[in-house]
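Coordinate inspection notes
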Amino acid sequence: MLFYEPAFATFFSAFYAVFLIASGSVSRKRILLLASVLFYLWGEPVFVVILILSAGLDYALSFWLTEPAPPHRRRIALAAGVSLNVAHLAVYKYADFSISNLNTLLAPFGSRPIPLLHLALPIGVSFVVFEKITYLVDTWRGTSRRADGFVDYCLFVFFFPKLLAGPILKFHEMRDQIAKPEGPDWSDFGTGLLRVCRGMGRKLLIAEPLGAFVGKVFDHDGARSSMGQAWLVLACFTIQIYFDFAGYSDMAIGLARMMGFRLRENFDAPYISRSMTEFWRRWHMSLTSWIRDYLYVPLGGNRRALGAPTSISGSAFWPPGFGMARAGISCSGAPITACF
């Protein structure tokens, strides 16, 4: 269910009406959690059960990640939680890829091919896993206190505006908003609606037409294109991927604002950057900050750097999903990020 589809407009209108008339933060929290689970059920019913069980395990492990639990038990709990979350990501995204390569390697030896699993890729599985790992690591570090209740943590995991394309949230940034949803005022409604409209404009008026053009070119033999045509297609794809990502981020931030939630910004005009380092800081900021805080620095990066890591290989500076044009275009109108 994409944000600009009639089905979502019907879903959100019904939910929003109930959300507005709900009295009290507890009622709003439960209504929002129910709507978020139903939104995910629409896209991938089976994974909802797995995600709820996984969230339950995260929440249980969080009691072992803080004092007075002994340090060795805290480390074991953290390793178990992170490993299981990474395993979910690996199975859904890379199981068939790994099996295919293994079958290729074993074929010369006469081995029978291993059947592919053909698992459907859940919506935003990468972002969900990143957020769940963030919760575990921040609780272990003491950056964040564990959730006050399982409902709060589930709402953080399932919060539907950010499921399709981010931004990637951190629990300590959302803790107070999730614990006691205050509900929107007229300023929130107006600001959020304008942001949603801007996102739809970016997606439908810019990204979609450019994507159709790029797709037609990719469907033909690239060797037949002139140098000028090749550069034109590259420029169009560069614009398309930005407005696709940024458009969905605008819609997510706007929808959340209409409900009284403030989400972090995700893009800051990256194509006006004057260096690759600046580009890295401006492009999908929630993802790049996650890579910096939970991968780059823990693996030995410059802990004193206030900006983006500058020693990462050049390929890391390209926009996430760059080179995946065919995957993005073949998603039947879904955001390119949904293919991650």
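Residues numbered from 1 in each chain as written. Predicted model: local features only at pLDDT ≥ 70, side-chain atom pairs only at ≥ 80, totals over all residues. Heavy atoms only, no water.

1. Considering the environment of F267
Its location among the elements puts F267 in the loop between helix 9 (227-258) and helix 10 (276-282). What makes F267 buried here is its relative accessible area of 12%. It is 8.7 Å that separates the C-alpha atoms of F267 and F245, two residues lying 22 residues apart in sequence. (Helix = DSSP H or I, 4+ residues; strand = E, 2+ residues; numbered from the N terminus. Buried < 20%, exposed > 50% of the residue type's maximum accessible area, 1.4 Å probe, protein only.)

2. Quick notes on the pattern of salt bridges
A complete count under the given rule lists 18 salt bridges for this structure. Its salt-bridge partner being K162, residue E131 comes within 2.5 Å of it at the nearest N-O pair. Of this pair, E131 sits in helix 5 (residues 125-141) while K162 is found in the loop between helix 6 (150-158) and helix 7 (171-179), placing the two residues 31 residues apart along the sequence. This pair shows no difference in class: E131 is buried, exactly as K162 is. Overlapping salt bridges bring together R195, R198, R202, D250 and E265 as one network. (Salt bridge = Lys/Arg side-chain N within 4 Å of Asp/Glu carboxyl O.)

3. What about a nonpolar patch on the surface?
A surface patch of nonpolar side chains, about 260 Å² in accessible area, is lined by L34, L38 and L41. Here L41 lies in helix 2 (residues 25-43). A relative accessible area of 32% places L41 in the partly exposed class. (Patch = residues over 30% accessible without salt bridge, like charges linked within 9 Å, V, L, I, M, F, W, Y side chains within 5 Å. Areas by Shrake-Rupley, 256 points an atom, 1.4 Å probe, with all protein chains shown as cover.)

4. Structural notes on the packing of helix 1 (residues 6-21) against helix 2
Look at helix 1 against helix 2: their axes get within 10 Å of each other, and the N-to-C directions meet at 165 degrees. Regarding the angle of helix 1 to helix 2, the classification is roughly antiparallel. Between helix 1 and helix 2 the crossing geometry is right-handed. On helix 2, the residues touching A7, F8, F11, F15, V18 and F19 of helix 1 are R28, I31, L32, A35, L38, F39 and W42. When the residues that make up the contact of helix 1 with helix 2 are grouped by side-chain class, the tally is twelve nonpolar, no polar and one charged. (Axes fitted to C-alpha atoms, helices over the stretch in contact; angles between N-to-C directions. Parallel < 35°, antiparallel > 145°, perpendicular 65-115°, else oblique. Left-handed = near helix turned anticlockwise from the far one by under 90°. Contact = heavy atoms within 4.5 Å. Nonpolar A, V, L, I, M, F, W, Y, C, P; charged D, E, K, R; others polar.)

5. So, helix 6
Counting buried residues along helix 6, seven of its nine residues qualify, which places the element largely inside the surrounding structure. Among all positions in helix 6, only D152, Y153, C154, L155, F156, V157 and F158 are buried. In this structure, the buried side of helix 6 is in contact with helix 2, helix 3 (45-62), helix 5 and helix 7.

6. Describing the side chain of D250
Tracing the chain through its elements places D250 in helix 9. Not counting the four nearest positions on each side in its chain, D250 is found in contact with R195, V196, R198, G199 and R202.

7. Details of the packing of helix 5 against helix 6
In contact at an axis separation of 9 Å, helix 5 and helix 6 are set at 145 degrees when each is read in the N-to-C sense. Together, V128, E131, K132 and Y135 of helix 5 and Y153, F156 and V157 of helix 6 make up the contact between the two elements. Broken down by class, the residue content of the contact of helix 5 with helix 6 amounts to five nonpolar, no polar and two charged.

8. Re helix 2
Relative to the 27 Å expected for 19 residues at 1.5 Å per residue, helix 2 spans 27 Å between its end C-alpha atoms, a close match to the ideal helical length. Of the residues making up helix 2, those classed as buried are R28, K29, L32, L33, A35, S36, V37, F39 and Y40. Packing partners of the buried residues in helix 2 comprise helix 1, helix 3, helix 6 and helix 7. (Expected span 1.5 Å × (residues − 1).)

9. A word on the confidence of the model for the chain
Model confidence for the chain is summarised by a mean pLDDT of 83, while 87% of its residues fall at 70 or above. Within the chain, helix 6 carries the highest mean pLDDT (94), whereas helix 12 (residues 325-329) carries the lowest (35). Here residues 305-333 is modelled with pLDDT under 50, and outside its nearest four sequence neighbours on either side it reaches 57 contacts, counting other chains as well. Note on residues 336-340: pLDDT is under 50 here. Beyond four places in sequence and across chains, it has 24 contacts. (pLDDT = per-residue confidence, 0-100.)

10. So, the packing of aromatic side chains
Counted under the stated rule, the structure contains 40 aromatic pairs. Ring geometry for Y40 and F158: centres 6.0 Å apart, planes at 85 degrees, overall edge-to-face. With Y40 in helix 2 and F158 in helix 6, the pair connects residues that are 118 residues apart, well separated along the chain. Overall, Y40 belongs to the buried group, its relative accessible area being 0%. Consider the rings of F47 and Y92, whose centres lie 5.0 Å apart with planes at 80 degrees: the pair is edge-to-face. Of this pair, F47 sits in helix 3 while Y92 sits in helix 4 (residues 71-106), placing them 45 residues apart in sequence. Take F47: its relative accessible area is 3%, and that puts it in the buried class. Taking the relative accessible area as the measure of exposure, Y92 reaches 15% and is therefore buried. Here the guanidinium or amino end of K162 rests over the ring plane of F156, the centre of that ring lying 6.0 Å away. (Phe/Tyr/Trp six-rings, centres within 6.5 Å; stacked < 30°, edge-to-face > 60°. Lys NZ or Arg CZ within 6 Å of the ring centre and 35° of its normal.)

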